[in-house]
Amino acid sequence: MAFWCGIVRKGCMAICSIMLLISTAALAQSLGVAGAVDGIVKDPTGAVIPGATATIHDFVSGYVKTATTDAQGQFSFSNLPASHYHINVTQDGFAPYSFDADINSPLPITQEITLQLANSSTTVEVNGDRNDLLYSNPAAHTDIDRSLIAKLPQDSTNSGLSSAITMASPGIAADSDGMFHPLGEHSDTTFSVDGQPISDQQSRIFSNEISANDVQSLQVIDGVIPPEYGDKASIVAVTTTRSGLGNPHGEGNASLAYGSFGTTTFNSDYARGSQRSGNFTSFDGVNSGRFLDAPEYSVMHAHGNNENFFDRVDYNPRMQDTLHTNLILARSWFQNPNQYDQQTAGQDQRSEIFTYDVSPFWAHLFGSNSLLTVNPYLRQDNVHYYPSGNKFADQPATMQQDRMLRNLGFKVDYAYTKGVNNVKIGTDIYQTFLNEEFQFGITSPAFNPVCLTANGGPVAGDAYTNPNQCAAAGYTANPNFQPGLLQYDLTRNGVPFHFQGHTVIKEEALYAEDTINLKSLSLLLGVRGDNYNGLTSRYMLEPRVGGTYSVAKTGTKLRLGYARLMPTPYNENLILSSYTGNGGLANNLGAYGQSPLVPASRNQFNAGIEQGFGRYLVIDAQYFWKFTQRDYDFDVLLNTPLTFPIQWRKSKIDGAAVTITMPKNHGLSAYSVLGHARSRFFGPEVGGIIFNDPSLETSTQPFRIDHDQAFQQTTHLQYQPRAHGPWAGLDWTYESGLVAGNAPFGVSPTQPVDLTYLTPDQQQQAELSCNGVRATLSGPLTSCLPGQLQSKLLYIPRAGTENNDKNPPRVQPRTIFDATAGWDNLLRARRFQVNARLTATNFTNKVAMYNFLSTFSGTHYIPPRMYTAQVSLSF
């Protein structure tokens, strides 16, 4: 293996150097990795037919587009995501013609079409049949088109893409602030934006993700992961952006929306171009009084705004070359929402995130069956966290952070198609530059007192620095006193802890895959090699295999797959979490230890079935098993907003993901996505800052991590009888509840539950009550018999039945309904069309929580009932 690792490093560097020279002239332009369907239309004599109409359909995702043949009788559909398509060609005086095309690679599919005279052929049915609803790709996936994204009833302020994935993909558990948990893992997702891999977290508190307004289509791979993708890959969101190609007259849109909490949203975009060149530009902005999800039902100190600019330039200098460049500039500023006690103290913590992304892409076609693509990319996030002007208003601690994460990479693919084989080989060489600066100081005298009064209260001031001094003064030594924190206790004459770190993580990958399409069998055979050099090092060879067998008579497809993966550590606050020297947190903030995070190893198995029922219904179901050595999670530092990655000894996760799709029929379409996951983690904690006492960890017994959820489902109904006119949509979502490990519970029916570990605010957040008496800010509970302890928002196991693996505490199940209705082309104009829309999310005003004292994100309520009215102009 050491020899293989050396070959990987030297080979990757050689390929990178060669391709860098090839692509120097293309760095200002580029192209997407999506496929294309080209055609030339002729009459029975062989003469070309200009002005014929070609229409392409994906009946599952709802994608539809029309093109007109030029003077040479040619049409082209570009920027197509991998899927099964049905194409119709019509012209007055001729019989219609139709054919199917499977997009499996970036190589264009070319079709020569001969239209027969009208009296010598029959009419072609526009609606798809069963075969048009099934796609024989070995990797299970979900297709999401822009037409669906645009009409989902979302309340998200600046994470519309993540919300669309959560609402329209199976096996995804929703969490706060636009975050989600795919297939039982914590945010383990790679976004592939026009071929550029982005594996860092994209939720609102970490980054500024690409706007959903810029996306043409999404393909969410949740089955066996192809060798092209690595890093975080429980799912891969293959994202195709919008393009200006094929819009000679130009088309655009401008919209303005206003809603609850003073939320104002503005979107604008414009696309124009010929078949040779084009440009798509968009600008999105939002300003809201509820930018982040709040820890209280009443929203306090939660204002924020976001601005996002996107531009894509396409240029095809000749038939063999296609280029495009993506540019993203984004900024967000937001307040950290307060609890009641923090609001009373005047806490004013804020964050600001700056993001830029430049991704040129060049493709060159060799003949008709070979394609070379080159994609350098540069992406950077700058995250700033600002404390309150009065540091003692931050309770129980004040902190400040400046963090930079920069990805610089180079990706090269070579695709070759011949007969039944679709081969792709490539390399991805990239570096991640990390800078982290962090300050921390304790501001509450009750957080880490040296001595306690007779009634258990803290003794303020800096007179006592050693627990041995307490008895002589008539006090009691604090049994939980952490000596390492005393020097950073600002209430006891301490000074802030300061940390500064920098590192460069170097990664190289080589991959090869072949998708073999036989008569009834489609096979994926591939391998990936990863080499990781950062704070730790590891290399791994990862075979990926999958197969789909089609039963034509019944419209059934059976899938099996296996993938070996090497998940890599999360980069956000990685240095802070891994630093083991004298300046690290473990030696200064009272942790039990600190260990650098290392790349993990995972074996994943998938088995599934897809069944079509005529042209009316498709059911796609799979079961997955994931076995990971040294799996990841996140922890929170001393109840502050600072989170950092940690690592557990291993995990075993299994579950199901089901999609039921009803394609559009007489204006009505629907889908339902369902998921189940058992996320079982095994201690002890082996990576990152270790705040859990290793002596208390029982490594032989699993526990459910706080992104475990037994069941979730979202059903979406949409009705639009004609393309321009009224329409309506309804979403029904059920979530059984994430694990809430810090919820109180009873050990035995007769032993009172100690509730003093929860602050008065935390007790009222959970709506705890004892024998009908509810906890309040001024009247907290101290203890309660298990049979009398209740919560409307938490599931509390009966006394003696709590089990970290079989019956952990959870947030209560919730059922949410969202609705939206609108009218396209309200004034029935041809060129300038006015559209109106009204959206109501959580219109039953269900009170529920995403999480409670989560080790990752703390406590968050789901959004209350919210209304949004939108008016847009399309032209």
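In this text the structure is predicted, and so the values were computed from the model without any measurement.

The rules behind these values
- Within every chain, residues take consecutive numbers counted from 1 along the sequence as written.
- Residues qualify for local features only when their pLDDT is at least 70, as the model is predicted, and side-chain atom pairs are given and counted only at 80 or more; totals for whole chains, interfaces and linings, by contrast, use all residues.
- Based on all heavy atoms of the structure, the side-chain values leave hydrogens and waters out of the count.
- Strands are runs of DSSP state E lasting at least 2 residues, helices are runs of H or I lasting at least 4, and numbering of each runs from the N terminus.
- The atom set for the radius of gyration is the C-alpha atoms, and the globule formula is 2.2 Å times the number of residues raised to the power 0.38.
- Throughout, exposure labels follow a simple rule: accessible area from a 1.4 Å probe, protein chains only, divided by the maximum for the residue type, with under 20% read as buried, over 50% as exposed, and the rest as partly exposed.
- Contact between two residues is taken to exist if any of their heavy atoms lie within 4.5 Å; hydrogens are not considered.
- To measure how exposed things are, a 1.4 Å probe is used in the Shrake-Rupley method; for residues, cover is taken only from the protein chains shown.
- Here a salt bridge means any side-chain nitrogen of Lys or Arg lying within 4 Å of a carboxyl oxygen belonging to Asp or Glu.
- The disulfide criterion is simple: two cysteine sulfur atoms within 2.5 Å.
- For our purposes a nonpolar core is just a set of buried Ala, Val, Leu, Ile, Met, Phe, Trp, Tyr and Cys residues, chained together by side-chain atoms within 4.5 Å.
- Here the aromatic set is Phe, Tyr and Trp, taking the six-membered ring for Trp, and pairing holds for ring centres within 6.5 Å; pairs whose planes are under 30 degrees apart are stacked, those over 60 apart are edge-to-face, and all others are tilted.
- Pairing between two strands requires that DSSP report at least two bridges joining them.
- Axes here refer to lines fitted to C-alpha atoms; in helices the fit is confined to the stretch in contact. Angles between the N-to-C directions go from 0 to 180 degrees.
- For every residue, the predictor states its confidence as a pLDDT score lying anywhere from 0 to 100.

Asks: Describe the overall build of the chain, naming the residues involved and giving the relevant values.
Replies: A tally of regular secondary structure across the chain gives seven helices and 50 strands. The C-alpha atoms of the chain give 29 Å as radius of gyration, which agrees with the globular expectation for 875 residues (29 Å, within 12%). When burial is assessed residue by residue, the chain has 58% of its 875 residues classed as buried. Of the contacts made within the chain by residues no fewer than 6 positions apart, 69% connect residues no fewer than 24 positions apart. If you sum the accessible surface of the chain, you get close to 33,600 Å²; carbon and sulfur atoms cover 57% of it.

Asks: Let's hear about the pattern of salt bridges: which residues, and what values?
Replies: Following the criterion strictly, the structure yields 31 salt bridges and no others. Residue R331 pairs with E307 through a salt bridge whose shortest N-O separation is 3.0 Å. Here E307 lies in strand β18 (residues 304-318) and R331 lies in strand β19 (residues 321-335), a separation of 24 residues in the sequence. Across the salt bridge formed by D314 and R312, the nearest N and O atoms sit 3.0 Å from each other. Assessed through its relative accessible area of 3%, D314 is described here as buried.

Asks: Can you tell me about helix α3 (residues 160-168), naming the residues and giving the values?
Replies: Residues three or four positions apart in an α-helix share a direction because the helix packs 3.6 residues into each turn. For α3, the tally of buried residues reaches nine of nine residues, placing the bulk of the element in the interior. Taken as a whole, α3 has its buried residues at G160, L161, S162, S163, A164, I165, T166, M167 and A168.

Asks: Please give an account of the state of the cysteines that cites residues and values.
Replies: In this structure the tally under the stated criterion is two disulfides. C770 shares a disulfide with C784; S-S distance 2.1 Å. For the disulfide bridge between C770 and C784, the dihedral angle about the S-S bond is near 90 degrees, and by the sign convention the bridge is right-handed. Here C770 is found in strand β40 (residues 768-770), whereas its partner C784 is found in strand β42 (residues 783-784), with 14 residues between them in sequence.

Asks: Any details on the nonpolar core? Residues and values, ideally.
Replies: Inside soluble globular proteins, nonpolar side chains tend to come together where they are buried. By size, the foremost hydrophobic cluster in this structure holds 37 residues, and its most contacted members are I144, I149, I165, F191, L218, I235 and Y671. For this core, the elements supplying multiple residues, two or more each, are α2 (146-149), α3, β11 (189-193), β13 (215-221), β14 (235-241), β34 (643-665) and β35 (668-690). Looking at which element gives the most residues to this core, the answer is α3, with five residues.

Asks: Before we move on, could you go through unusual backbone geometry and cite the residues and values that matter?
Replies: Here the amide bond leading from Q395 into P396 is cis, since omega sits at 5 degrees, within 30 degrees of zero. Locating P396 in the fold gives a position in the loop between β21 (370-386) and β22 (397-418). Cis geometry is found at the peptide bond from G683 to P684, where omega equals 5 degrees. Topologically, P684 is positioned in strand β35. A positive phi is found at L183, a non-glycine position, where the angle reads about 50 degrees. Inspection of the secondary structure assignment puts L183 in the loop between β10 (180-182) and β11. By relative accessible area, L183 is classed as buried at 0%. Located in the positive-phi region is N845, a residue other than glycine, with phi close to 60 degrees.

Asks: I'd like a rundown of the packing of aromatic side chains, residues and numbers included.
Replies: Geometrically, a pair of aromatic rings is defined through the distance of the ring centres and the angle of the planes. Inspection of the entire model under this criterion finds 23 aromatic pairs. Aromatic side chains Y623 and W625 sit 5.0 Å apart centroid to centroid with 50 degrees between the ring planes, which places their arrangement in the tilted category. Residue classification places Y623 among the partly exposed residues on the basis of a relative accessible area of 26%. Residue classification places W625 among the partly exposed positions, given a relative accessible area of 34%.

Asks: Tell me what's going on with the sheet that holds strand β12 (residues 196-198), and back it up with residues and numbers.
Replies: One open sheet accounts for five strands, arranged β8-β13-β14-β11-β12; its pairing is mixed. Either end of the sheet is taken by a strand with one partner, and the two such strands are β8 (141-145) and β12. With strand direction ignored, the average angle separating the axes of adjacent strands in the sheet is 20 degrees. With six bridges connecting them, β13 and β14 associate as antiparallel partners. Bridge pairing in β14 links V215 to T241. Helix-sheet contacts for α3 involve β8, β11, β13 and β14, and the interaxial angle to β13 is about 50 degrees.

Asks: Residues and numbers for the sheet that holds strand β2 (residues 53-58), please.
Replies: Spatially, the four strands line up as an open sheet ordered β3-β2-β5-β6, and their pairing is antiparallel. Looking at which strands have only one partner, the edges of the open sheet turn out to be β3 (63-68) and β6 (97-102). Between one strand axis and the next, the sheet turns by 20 degrees as a mean value, whatever way the strands run. Relative to strand β5 (residues 84-90), β2 is paired through five bridges, and the arrangement is antiparallel. Residue H57 lies in a different strand from β5, and its bridge partner there is H86.

Asks: Describe the pairing of strand β31 (residues 601-613), naming the residues involved and giving the relevant values.
Replies: Looking at chain direction, strand β29 (residues 556-565) and β31 are connected through ten bridges and run antiparallel. When the sheet's bridge partners are listed, K557 is paired in β31 with E610. In this structure, β31 lies alongside strand β32 (residues 617-629), joined through 13 bridges in antiparallel fashion. What sits directly across from G608, in β32, is Q622. The turn joining β31 and β32, which pair antiparallel and follow one another in sequence, is formed by three residues; a positive phi near 60 degrees is taken by G614.

Asks: So what's going on with the side chain of N573? Residues and values would help.
Replies: Counting through the fold element by element, N573 comes out in the loop between β29 and α5 (574-578). When its relative accessible area of 3% is taken as the criterion, N573 is described as buried. Discounting residues that sit within four places of it in the chain, N573 has contacts with Q401, R403, E436, L642, T643, F644 and P645.

Asks: Hey, could you go over the pairing of β32 for me, with residue numbers and the actual values?
Replies: A one-sided burial pattern is seen for β32, the buried positions being V618, D620, Q622, F624, K626 and T628 and the unburied ones L617, I619, A621, Y623, W625, F627 and Q629. In this structure, β32 lies alongside β34, joined through twelve bridges in antiparallel fashion. Of the residues in β34, the one forming a bridge with V618 is T661.

Asks: Account for the environment of I653, with residues named and values stated.
Replies: For I653, the position within the fold is in strand β34. The sequence separation of I653 and A150 amounts to 503 residues, and the corresponding C-alpha distance is 33 Å. Apart from the residues within four sequence positions on either side, I653 is in contact with L183, G184, E185, F624, W625, K626, D631, R678, S679, R680 and F681.

Asks: Residues and numbers for the confidence of the model for the chain, please.
Replies: Mean pLDDT over the chain: 88, with 90% of residues reaching 70 or higher. In this model, residues 1-32 is a region of pLDDT below 50 whose contacts with residues beyond four sequence positions or in other chains number 63 contacts. Low pLDDT (under 50) marks residues 120-125, which in the prediction has nine contacts with non-local residues, meaning those over four places away or in another chain.

Asks: How would you explain the side chain of T643 if you had to name every residue and give the values?
Replies: Here T643 shows up in strand β34. Setting aside residues no more than four positions away along its own chain, T643 makes contact with F206, N573, F634, D635, V636 and F856.

Asks: Can you tell me about the environment of L161, naming the residues and giving the values?
Replies: Mapped onto the fold, L161 is located in helix α3. The class of L161 is buried, set by a relative accessible area of 0%. Each C-alpha atom of the pair L161 and Y377 lies 21 Å from the other, and the pair is 216 residues apart in sequence.

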